[in-house]
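Read off the chains here:
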Amino acid sequence: MSRLHKMIPIEQNPNRDRRPILIVLHQERSSPGRVGQLLVEKGYRLDIRRPVLGEPLPGTLEDHAGAVVFGGPMSANDPDDFIKKEIDWIEVPLREKRPFLGICLGAQMLVRHLGGKVQPNVDGSTEIGWYPLRPTERGRLLMHWPKMVYHFHREGFELPHGADLLAEGDAYPNQAFHYDGNAWGLQFHAELTRVMMHRWVVHGAHRFILPNAQQGREHLEGRMLFDAPLKAWLTEFLDIVFEGRSLKAAHPITHPA
């Protein structure tokens, strides 16, 4: 059974879709973090499910305002049944034209579903810490982007056929993309609260020896320098994904009901 969070929303837009947003997490103690906090502040309820624990995903998103699939320590290439089922399930939001956001593993699952490859760099380089982000021309037309973003991954993805690249990086070029009007993928993490980052730095410390990874103090120092613009960006980006608001373009992005 799903666990529908009984939270009192703060209504800011009387025309907002009142259906909950499906939240897909990949560990027992995982949290939607800042994404969840901001969505609740914007007036949404959250329907949190963990397929890795056997919780089913809905066969339709008719009762949801959209979906967010988060990251996790596993790979989109893993043979586990729940990984394969989750990748196949992405057909539901794509077919129904419902807003879909994939973050890190979630974005890589979207890429796999669309026929693209997910793989590490040949030199074994990672992105673990804070790294520069550069919007493409399409990205700049959409909104303003932060200059530095937070990462914790060893694999990247190729741009799916038909997708628009919105932002680029150095070690892994494809950082953000938009597909078919309603689907979005992010390689980086904007959802971490301060508590979450401290936990990741402690439990992920063994990965700091990997090529191109930053040390724990750099993660925490970077947060003090770069987190405020990243949070501001995320607030605006969630409005684009789930409300079709376009901050810079002349016309809004429409999401069919």
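Up top is the structure.
Here's what I pulled together on the structure shown here. (Residues numbered from 1 in each chain as written. Predicted model: local features only at pLDDT ≥ 70, side-chain atom pairs only at ≥ 80, totals over all residues. Heavy atoms only, no water.)

### Some points on the pattern of salt bridges
Two side chains of opposite charge can pair, provided their charged atoms sit close to one another.
Here's step 1: The final tally for this structure, using the stated rule, is ten salt bridges.
Here's step 2: We note a salt bridge from glutamate 96 to arginine 95, for which the minimum N-O separation is 4.0 Å.
Here's step 3: Classification of arginine 95 as partly exposed rests on a relative accessible area of 48%.
Here's step 4: Between arginine 245 and aspartate 239 there is a salt bridge, with the nearest N and O atoms lying 3.1 Å from each other. (Salt bridge = Lys/Arg side-chain N within 4 Å of Asp/Glu carboxyl O. Buried < 20%, exposed > 50% of the residue type's maximum accessible area, 1.4 Å probe, protein only.)

### Description of the nonpolar core
Here's step 1: Judged by nonpolar contacts, the single largest core of 47 residues is most densely connected at Ile23, Leu39, Leu101, Trp145, Phe188 and Trp233.
Here's step 2: The greatest single-element share of this core, amounting to eight residues, is contributed by helix H7 (residues 216-243).
Here's step 3: Once residues within four sequence positions are removed from consideration, phenylalanine 188 is found in contact with Ile103, Leu133, Trp145, Val149, Tyr150, His151, Gln175, Ala176, Leu230 and Trp233.
Here's step 4: Met109, Ala163, Phe177 and Tyr179 belong to the second largest nonpolar core, which has 27 residues in total. (Core = buried A, V, L, I, M, F, W, Y, C linked by side-chain atoms within 4.5 Å. Helix = DSSP H or I, 4+ residues; strand = E, 2+ residues; numbered from the N terminus. Contact = heavy atoms within 4.5 Å.)

### Re the packing of aromatic side chains
Here's step 1: Following the criterion strictly, the structure yields twelve aromatic pairs and no others.
Here's step 2: Put simply, the rings of Trp130, Tyr150, Phe152, Trp200, Phe208 and Phe226 pair up and form one aromatic cluster. (Phe/Tyr/Trp six-rings, centres within 6.5 Å; stacked < 30°, edge-to-face > 60°.)

### Considerations on helix H4 (residues 105-113)
Here's step 1: By the criterion of burial, H4 is predominantly enclosed, with seven of the nine residues buried.
Here's step 2: Looking only at H4, the buried set comprises Leu105, Gly106, Ala107, Gln108, Met109, Leu110 and Val111.
Here's step 3: A positive phi of about 95° marks glycine 115, the residue just after H4.

### So, the packing of helix H1 (residues 33-41) against H7
Here's step 1: Here H1 crosses H7 at 50°, and the two axes come no closer than 10 Å. As far as their axial angle goes, H7 and H1 are oblique. Judged by the twist between their axes, the crossing of H1 over H7 is right-handed. Between H1 and H7, the residues in contact are Arg34, Val35, Leu38 and Leu39 and Arg223, Asp227, Lys231, Leu234, Thr235, Leu238 and Phe242, respectively.
Here's step 2: Grouping the amino acids of the contact of H1 with H7 by side-chain chemistry returns six nonpolar, one polar and four charged. (Axes fitted to C-alpha atoms, helices over the stretch in contact; angles between N-to-C directions. Parallel < 35°, antiparallel > 145°, perpendicular 65-115°, else oblique. Left-handed = near helix turned anticlockwise from the far one by under 90°. Nonpolar A, V, L, I, M, F, W, Y, C, P; charged D, E, K, R; others polar.)

### Quick notes on the pairing of strand S12 (residues 174-179)
Here's step 1: With six of six residues buried, S12 lies mostly within the body of the structure.
Here's step 2: When strand S11 (residues 164-168) meets S12, the two strands line up antiparallel, connected through four bridges. Looking at S12, one finds that leucine 165 is bridged to phenylalanine 177.
Here's step 3: Turn length for the S11-S12 hairpin, with the two strands adjacent in sequence and antiparallel, is five residues.
Here's step 4: The pairing of S12 with strand S13 (residues 183-186) spans four bridges and is antiparallel. Residue pairing in the sheet places histidine 178 in a bridge with tryptophan 184 of S13. (Pairing = 2+ DSSP bridges.)

### Examining the side chain of histidine 178
Here's step 1: Mapped onto the fold, histidine 178 is located in strand S12.
Here's step 2: Of the residues examined, histidine 178 reaches a relative accessible area of 14% and is grouped as buried.
Here's step 3: One polar contact links the side chain of histidine 178 to the main-chain carbonyl oxygen of glycine 181, over a distance of 3.2 Å.
Here's step 4: Contact partners of histidine 178, with chain neighbours within four places excluded, come to Ala163, Asp164, Leu166, Ala183 and Trp184. (Polar contact = N/O pair within 3.5 Å; in protein donor to acceptor, adjacent residues only side chain to side chain.)

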